[in-house]
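# Commentary on secondary and tertiary structure
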Amino acid sequence: MATTTGYVQRLTLLQAGHIACVWVGPSPASNELLTLTLLVSDSEETMRHKRAMITLLGEAQISRRQVDILHPDDSAAIDQVAYTPADDSAPIQVDAIEVTQGIQDLAQSIPLLAGKRTVVRVYLSQPVGPAKTVQGEIAVRTGPLDVPFIIASENVVVLQPAEAGDLPIKREDVDRSLNFVLPATQEGPLSLEIASITDTVTATDVAFSGERRPAVWFHASAPLRLRVIGFRYPQDGITHTPTPLDFALLQSWMARAYPAGTQFVTTTITDATAAVPFSCGDINAQVAAMRTLDMDAGGDERTHYYGLVSDSGFFMRGCAGVPATPSPDAVGSGPTGPGTWGWDTDGSYGDWYGGHELGHTYGRKHPGFCGESESDLDNYPFENGQLANGNDSFMGFDVGDPANGIAMRALPGTQWHDVMTYCSHQWLSAYTYLGIRRRLADEDALGPTGAPGPAPGPGAGPIAFGSGRPDARFPQAAPRRPVAEGPTAVEEAKEMVSLSVVGTANLTRRSGAIRYVNPLAHARGAKDVGHDAMLRVSDGAGKALGDYPVAVRLDSEIMPGEEVRGIIDAVIEVESTARLIELLIGDEVVDRHRIGGGAPRMRALRAEAVPLGMRVEGEAEEAEGLTYTVQVSTDDGRSWQTVAIGLKTPSTEFDRSQFPPGQALKVRVIASNGLERSIVMTDAGRD
Ligand SMILES: [Zn+2]
């Protein structure tokens, strides 16, 4: 008999599990193939023994523990399998290695995403002798023949004999594992091994036994595309604005907690058009109107929009749309400020609060814990909204963010709760993490124009939307008709005009308001057809031109007994003779909005740098019903981002810190009467 010792590099079951092929060796590049075959002639006992060996090989593959396999000298047929006995003479035993990006268990059941910050946790035991303080190094390689890359641990760990073998106590404390931060990961395999463990007192290497050699796979993931709009509002003579920390920590939290390896995040600050104290519905309406204009001006349709409101003036409860199907146009908004809520001491709570509201926009509902009414009826898998039922399964882990002073830390699954609950200590459970990952992939497949990829043309290869490297597929822009620019464009009267109509509605009170009506440069087809409310369009003589049934997107955070509210975010095609839009809820007209009446005229536009910002000043007629939108382009006019909407005069000031220094900007102002528009542009130059 011969013994092959090594790690299970690969295990394949053939013929309905009757043949197991296992590759065993010290590394993926160096191994030998052994087999185990279940025979019809096997006795029941032999069959049981062989099945147990296959199970053990599977466990050894997951735990990456070394095995000893006994087989005849001249055959690869496995006779006996056992874990390689620990070398008791080695002072240190390796208990386990965990590779985590936010939520993980010891079976590594949560897929790792390329590009996402990754921490390798090595759990060690020292069963006998006085406590030892150690640090370590791991060697990682992406291919079997690569020169290994050595990474030093971020910390030292004190090994207490009393804690030997106690994995739960080590997993729930970041200081009880040696932690290694992987360099930027790419799609593909990565194998890890322990290169050294050093006694920090004597500075000598310490022998260890029971090593694990994980081989993990980093998967490509759909990027997270997000635009965060900070809202500025006056109250008691003070202007209230989210702080740079509020923006930075929201972005950081999304990167640490959400299942995306890449993030494309932009920010801006704008004036709230609604009066204080506005609600999240008011803010969501403004966010939705701005988003539609951005999409009309070349934005990536997969971008989620979120409104951030400082609580320094008053506290605005957050809410969001909860789309059942992939709909990146669902918007949300929420409060932010320095409050700790009793557990969050990083200086801004807008991060996890935003993570909750944005979770809704990815279709996540309330699992029903800590006072929320349950809307997710899919049997949330853990008790009390926790991340896990015990500290031996899923463990939350904040990989930290040195740039923002956020320390790495373990988030025990029984003390931390899912972000979609109303509980304290919020993080993403495996359930929500995987759910959002699925939704992100589905939204990514919609493509940048919001429709599945075009059918391949004759002779063309298949166009694989939603595949390939995320950074390569992000910028692809579908061909669009040129953006109408300048007053001349609107003089060519169109038969039909595409209008974005955004409003708020309260279905309990049967009240509502049309807040923003903007003509679009590109026909988009009807959007948000529904049956909750109706838009009735008529001409100047009062003749009805059409009824448009529309949906009300209900707020996520409606508690039992509260009024049922939401926003209307519709696109309708109207005749150019339209002059009036009425909003009907039930059969009652609850609001009227006049549109049209001759193209608005605008003349000069000035844009000048002011401290921290850019002042935009247009000259235009003062006329009832005219509103102004200010947009900025960083790509020479290929796409535009709305930085102000619903202005009564064509002037505003916007924050420049959102753009890198030296960034060339173009600024334009759109004057609109709800049906027609005129545009004046300026080249605002560089800093
Ligand atoms: Zn909610």
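Reading the values: the criteria
- Residues numbered from 1 in each chain as written.
- Predicted model: local features only at pLDDT ≥ 70, side-chain atom pairs only at ≥ 80, totals over all residues.
- Heavy atoms only, no water.
- Helix = DSSP H or I, 4+ residues; strand = E, 2+ residues; numbered from the N terminus.
- Buried < 20%, exposed > 50% of the residue type's maximum accessible area, 1.4 Å probe, protein only.
- Contact = heavy atoms within 4.5 Å.
- Areas by Shrake-Rupley, 256 points an atom, 1.4 Å probe, with all protein chains shown as cover.
- Lys, Arg positive; Asp, Glu negative; His and termini not counted.
- Charge placed at Lys NZ, Arg CZ, Asp CG, Glu CD.
- Donors = N, O, S within 2.8 Å, 3.2 Å for Na, K, Ca; no water.
- Disulfide = S-S within 2.5 Å.
- Pairing = 2+ DSSP bridges.
- Axes fitted to C-alpha atoms, helices over the stretch in contact; angles between N-to-C directions.
- Phe/Tyr/Trp six-rings, centres within 6.5 Å; stacked < 30°, edge-to-face > 60°.
- Lys NZ or Arg CZ within 6 Å of the ring centre and 35° of its normal.
- Core = buried A, V, L, I, M, F, W, Y, C linked by side-chain atoms within 4.5 Å.
- Expected span 1.5 Å × (residues − 1).
- Salt bridge = Lys/Arg side-chain N within 4 Å of Asp/Glu carboxyl O.

Moving on: the overall build of the protein chain. Secondary structure summary: the protein chain contains eight helices and 42 strands in total. For the C-alpha atoms alone, the extent of the protein chain along its principal axes is close to 100 × 55 × 55 Å. Residues classed as buried in the protein chain amount to 53% of the 687 residues present. Partitioning the contacts of the protein chain with sequence separation of at least 6, the portion at a separation of at least 24 is 67%. Total accessible area computed for the protein chain in this model is approximately 29000 Å², and 53% of it derives from carbon and sulfur atoms. Taken together, the 57 basic and 86 acidic charged side chains of the protein chain have centroids lying 5 Å from each other.

Turning our attention to the coordination of the zinc ion. Protein coordination at the zinc ion: the donors are His356 (NE2), His360 (NE2), His366 (NE2), Glu557 (OE) and Glu557 (OE), at 2.0 to 2.3 Å from the metal. Each donor residue of the zinc ion lies on one chain, and together they are spaced H-x3-H-x5-H-x190-E. You can see histidine 356 sitting in helix H5 (residues 350-361) and its partner glutamate 557 sitting in the loop between strand E32 (553-554) and strand E33 (565-575), a full 201 residues away along the chain. Under the relative-accessibility criterion, histidine 356 is labelled buried at 5%.

The next subject is the state of the cysteines. When the sulfur atoms of two cysteines share a covalent bond, that bond is a disulfide. Taken as a whole, this structure holds two disulfides when the rule is applied. One disulfide bridge connects cysteine 280 with cysteine 319, the sulfur atoms lying 2.2 Å from each other. The S-S bond linking cysteine 280 to cysteine 319 shows a torsion near 115°; that makes this disulfide right-handed. Of this pair, cysteine 280 sits in helix H4 (residues 280-296) while cysteine 319 sits in strand E22 (residues 319-320), placing them 39 residues apart in sequence. With relative accessibility at 8%, the residue cysteine 280 sits in the buried group.

What follows concerns the sheet that holds strand E35 (residues 588-594). Strand order in the open sheet formed by four strands is E31-E30-E34-E35, and the pairing between neighbours is antiparallel. Bordering the open sheet on either side are strand E31 (544-550) and E35, each of which pairs with just one other strand. Within the sheet, the average angular offset between the axes of one strand and its neighbour, ignoring direction, is 25°. Of the pairings in the sheet, the one linking strand E30 (residues 529-539) to E31 comprises seven bridges and is antiparallel in character. Looking at E31, one finds that leucine 535 is bridged to tyrosine 548.

As a further point, take the side chain of glutamine 235. Position of glutamine 235 among the secondary structure elements: in strand E18 (residues 224-235). Note on glutamine 235: relative accessible area 18%, which makes it buried.

Here we take up the packing of aromatic side chains. If you walk through the whole model with that rule in mind, you get 20 aromatic pairs. Where phenylalanine 369 meets tyrosine 380, the ring centres are 5.7 Å apart and the plane angle is 65°; that geometry is what we call edge-to-face. Of this pair, phenylalanine 369 sits in the loop between H5 and strand E24 (395-398) while tyrosine 380 is found in the loop between H5 and E24, placing the two residues 11 residues apart along the sequence. Overall, phenylalanine 369 belongs to the partly exposed group, its relative accessible area being 21%. Chaining the aromatic ring pairs together yields one cluster made of Phe315, Trp341, Trp343, Tyr349, Trp352, Tyr353 and Trp416. Over the ring of tryptophan 23 we find arginine 10; its NZ or CZ atom is 4.2 Å from the centre of that ring. Taking NZ or CZ as reference, arginine 65 lies 3.8 Å from the ring centre of tyrosine 83, over its face.

Once that is clear, we can look at the nonpolar core. In this structure, Trp253, Met254, Tyr258 and Leu428 are the most contacted members of the largest nonpolar core, which totals 39 residues. Secondary structure elements with two or more residues in this core: E18, helix H3 (244-257), strand E21 (304-310), H5 and helix H6 (430-444). Among residues more than four places away in sequence, those in contact with methionine 254 are Leu224, Leu226, Gln263, Gly355 and Leu358. Among the nonpolar cores identified, the runner-up in size contains 27 residues, and Phe278, Ile283, Ala289 and Leu520 belong to it.

Helix length check: helix H1 (residues 44-63), at 20 residues, gives a terminal C-alpha distance of 28 Å against a target of 28 Å (1.5 Å per residue), a fit within 8%. Of all the positions in H1, only Lys50, Met53, Ile54, Leu56, Leu57, Gly58 and Ala60 are classed as buried. Here the buried face of H1 lies against strand E1 (2-14), strand E2 (19-27), strand E3 (30-37), strand E4 (66-71) and strand E5 (80-83). A positive backbone phi angle near 60° is found at arginine 64, which sits one or two residues after H1.

The next subject is the pattern of salt bridges. Here the structure, examined in full by the defined rule, presents 28 salt bridges. Put simply, arginine 227 and aspartate 294 hold a salt bridge, and the shortest N to O gap is 3.8 Å. Placement of arginine 227 in strand E18 and of aspartate 294 in helix H4 is noted, with a sequence separation of 67 residues between them. Accessibility expressed as a relative area gives 4% for arginine 227, which makes it buried. If you follow the salt bridges from partner to partner, you end up with Arg141, Glu193, Glu211 and Arg213 in one network.

Take the sheet that holds strand E36 (residues 602-610) next. Taken together, three strands build an open sheet; the order of strands is E36-E37-E40 and the sheet is antiparallel. The sheet is open, and its two borders are formed by E36 and strand E40 (651-655), each paired with just one other strand. Strand after strand, the sheet turns through a mean of 15° between neighbouring axes, direction not considered. As judged from the seven bridges shared by E36 and strand E37 (residues 613-620), these two strands associate in the antiparallel manner. From the neighbouring strand, arginine 606 faces E37, where its bridge partner is glutamate 617.

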